[in-house]
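The lines below spell out each chain.
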Amino acid sequence: MRMKTCPRCEASIDDSARFCSQCGAPQTEEAAEELDEYVRQQAEQVAAESGGVRGDGGRSGGTGSGDVTTADVFGVAVEELTDREQLWRRGCYVVGYATVVVALTQITNPGAWFLLLGGIAILPPTRRLLGLPVGGTFKREAMAGLYVVFVALGAALFFVL
Ligand SMILES: [Zn+2]
């Protein structure tokens, strides 16, 4: 059995091997193309499963260049981690928890229960849970609206009682 050295990790591998047994680097042009194709298919599958609303992003299918970026594979995840989204989430946590804490200190008043609901509703995990049946996260505007309604109801009850 003839051996060769993997150009990537310098492991000694079988001369006929198409992929390195140590690091998985493709050893032939053919194997490299096969890997590219595989990665491209995975990326398309991920995009399709995440709703496929992004379109093909102007990528022409015939080139076969296979330069799949992280954004292609994890497009949705990356979008969710934009600065604005992060800021929004942090704000929701702060407002949500603050509302819940205030509600708990006033829990003897019926209005506190609405504050409690509003505080829970605006927390990002709740938004995601509510969004599950419709296949995504609930719209922020919807959660903010819900929060305002609950807090307004709670405040009204505080005022009346
Ligand atoms: Zn290797």
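Refer to the structure above for everything that follows.
Everything numeric in this text was worked out from a predicted model, so none of it was measured.

Conventions adopted
- Residues numbered from 1 in each chain as written.
- Predicted model: local features only at pLDDT ≥ 70, side-chain atom pairs only at ≥ 80, totals over all residues.
- Helix = DSSP H or I, 4+ residues; strand = E, 2+ residues; numbered from the N terminus.
- Buried ≥ 20, exposed ≤ 12 C-beta atoms within 10 Å, placed from the backbone.
- Contact = placed C-beta atoms within 7 Å.
- Axes fitted to C-alpha atoms, helices over the stretch in contact; angles between N-to-C directions.
- Parallel < 35°, antiparallel > 145°, perpendicular 65-115°, else oblique.
- Left-handed = near helix turned anticlockwise from the far one by under 90°.
- Nonpolar A, V, L, I, M, F, W, Y, C, P; charged D, E, K, R; others polar.

Focus on the environment of Ala 103
Along the chain, Ala 103 turns up in helix 4 (residues 83-105). Take Ala 103: there are 23 C-beta atoms within 10 Å of it, and that puts it in the buried class. For the pair Ala 103 and Trp 113, spaced 10 residues apart in the sequence, the C-alpha separation amounts to 6.8 Å. What Ala 103 contacts, discounting residues up to four positions off in sequence, is Ala 112, Leu 115, Leu 116 and Gly 119.

Digging into the environment of Arg 128
Along the polypeptide, Arg 128 turns up in helix 6 (residues 124-131). The sequence separation of Arg 128 and Lys 139 amounts to 11 residues, and the corresponding C-alpha distance is 9.3 Å.

Comments concerning the packing of helix 4 against helix 5 (residues 111-122)
Relative to each other, helix 4 and helix 5 sit at 160 degrees, their axes nearing to 8 Å. Between helix 4 and helix 5, the angle is such that the two are roughly antiparallel. Crossing geometry of helix 4 relative to helix 5 is assigned as left-handed. Only Ala 112, Leu 115, Leu 116, Gly 118, Gly 119, Ile 120 and Ile 122 of helix 5 make contact with helix 4, whose side of the interface consists of Cys 92, Val 95, Gly 96, Tyr 97, Thr 99, Val 100, Val 102 and Ala 103. Classifying every residue of the contact of helix 4 with helix 5 by side-chain character gives 11 nonpolar, 4 polar and no charged.

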